[in-house]
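Listed here are the chains, written in short residue letters.
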Amino acid sequence: MALGPIITCTTETGAALQLTPFTREEVVEFTQGFEKETITQYLAERPVQTAETEQEWYDGLIRDASSLVWAIRLVEDGKRQIIGNASLMSIEGKTIVQAVNGIVIVDAGQWGRGIASAVQKVLVWYGFRRRGLTRIKAAVVQANPGSRRALEKAGYTLVYTERNDKFIDGGFMHKDCFECLNPDDWAWRLWWGNDRPTRKCIEARARTLSALQWAAMNAELA
């Protein structure tokens, strides 16, 4: 289960993307990004990575039955370049199945092109419509507003804030913790049961349905 299937999509700005499995040798392409503080400062953990540590990570990954991981490849001028990775991790549960979402774009030159937003929508679509997940969780440091916007466009809503979670650029930063709920009727009823959804969750449901509609039209499984 560790590596996800091939999914292609085009961002709203016209960038062609592929989410694909990757080999042990290809993880070296991630390494340059993980050598830079400007890339790793917003991640849950911030160790500098080398080709060796990335390949050790890969060896553990392929044995992890609870995660799905993809390379994010940008396709331009007939060439495919790995610019980051995406994942649905810690997949657990039988009736209510949940996962944790993670995305990192290691090529800062690709930030601001709508890539994270497109990938978030694709992950929601794949997780809910292809894997039957009920809930996906994610977290983002408040100093990283671009990642927050990408989550919100996919229908994530704020659940709580971890204060003073990261020390970045001379000060402590809070971390916001989000959730995205499967908006399809069967999952929505299962999650809420006899409880009444909050207004912000109902509004988020509409955004998730819009994200799913976008992905259905723009994403394709190989």
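Everything discussed here concerns the structure shown above.
Rules used throughout
- Counting restarts for each chain: residues are numbered from 1 in the order of the written sequence.
- In keeping with the model being predicted, local features are shown solely for residues with a pLDDT of at least 70 and side-chain atom pairs are shown and tallied solely at 80 or more, while totals for entire chains, interfaces and linings include all residues.
- Hydrogens are left out, water is left out, and the side-chain values use all remaining heavy atoms of the structure.
- Only the six-membered ring of Trp is used, alongside the rings of Phe and Tyr, when aromatic pairs are assigned; centres must lie within 6.5 Å, and planes under 30 degrees apart are stacked while those over 60 apart are edge-to-face, with the rest tilted.
- Put simply, a charge is over a ring when the Lys NZ or the Arg CZ is close to the ring centre, within 6 Å, and near the line of the ring normal, within 35 degrees.
- Two strands make a pair as long as DSSP finds a minimum of two bridges between them.
- Secondary structure counts use DSSP, requiring at least four H or I residues in a row for a helix and at least two E residues in a row for a strand, with both numbered from the N terminus.
- Axis lines are fitted to C-alpha atoms, over the contacting stretch for helices. Their N-to-C directions set the angle, which ranges from 0 to 180 degrees.
- Using only the protein atoms, space was sampled on a 1 Å grid; points where a 1.4 Å probe fits but cannot get out form cavities, open sets with protein on both sides within 12 Å along at least five of seven lines form pockets, and lining residues are those with an atom within 4 Å of a point.
- Grid points are joined across faces, edges and corners, and a volume is the space filled by probe spheres set on the points.
- Under the scheme applied, nonpolar residues are Ala, Val, Leu, Ile, Met, Phe, Trp, Tyr, Cys and Pro; charged residues are Asp, Glu, Lys and Arg; polar residues are all the others, including Gly.

With that settled, the discussion passes to the packing of aromatic side chains. Per the counting criterion, the structure on display carries five aromatic pairs. By the ring-pair criterion, three or more aromatic residues cluster together here, those being Phe22, Trp57 and Tyr58. Here Lys121 stacks its cationic end above the ring of Trp214, 5.2 Å away from the centre of that ring.

Strand order in the open sheet made by the nine strands is 7-8-6-5-4-3-2-1-9, with mixed pairing throughout. A single partner strand is all that each edge strand has here, and the edge strands are strand 7 (157–168) and strand 9 (219–221). Looking at each pair of strands side by side, their axes are set apart by 25 degrees on average, direction ignored.

This part covers empty space enclosed by the protein. Taken as a whole and assessed by the stated rule, the structure comprises one cavity of 30 Å³ or more. Within this model, the largest cavity holds a volume of roughly 40 Å³. Considering the residues around the largest cavity, the lining is formed by Gly155, Thr157, Glu179, Leu181, Trp188, Cys201, Ala204, Arg205 and Thr208. Looking at the lining of the largest cavity, the elements that each hand over two or more residues are strand 8 (171–181) and helix 7 (199–218). The element best represented in the lining of the largest cavity is helix 7, accounting for four residues. Grouping the constituent residues of the lining of the largest cavity by class yields four nonpolar, three polar and two charged.

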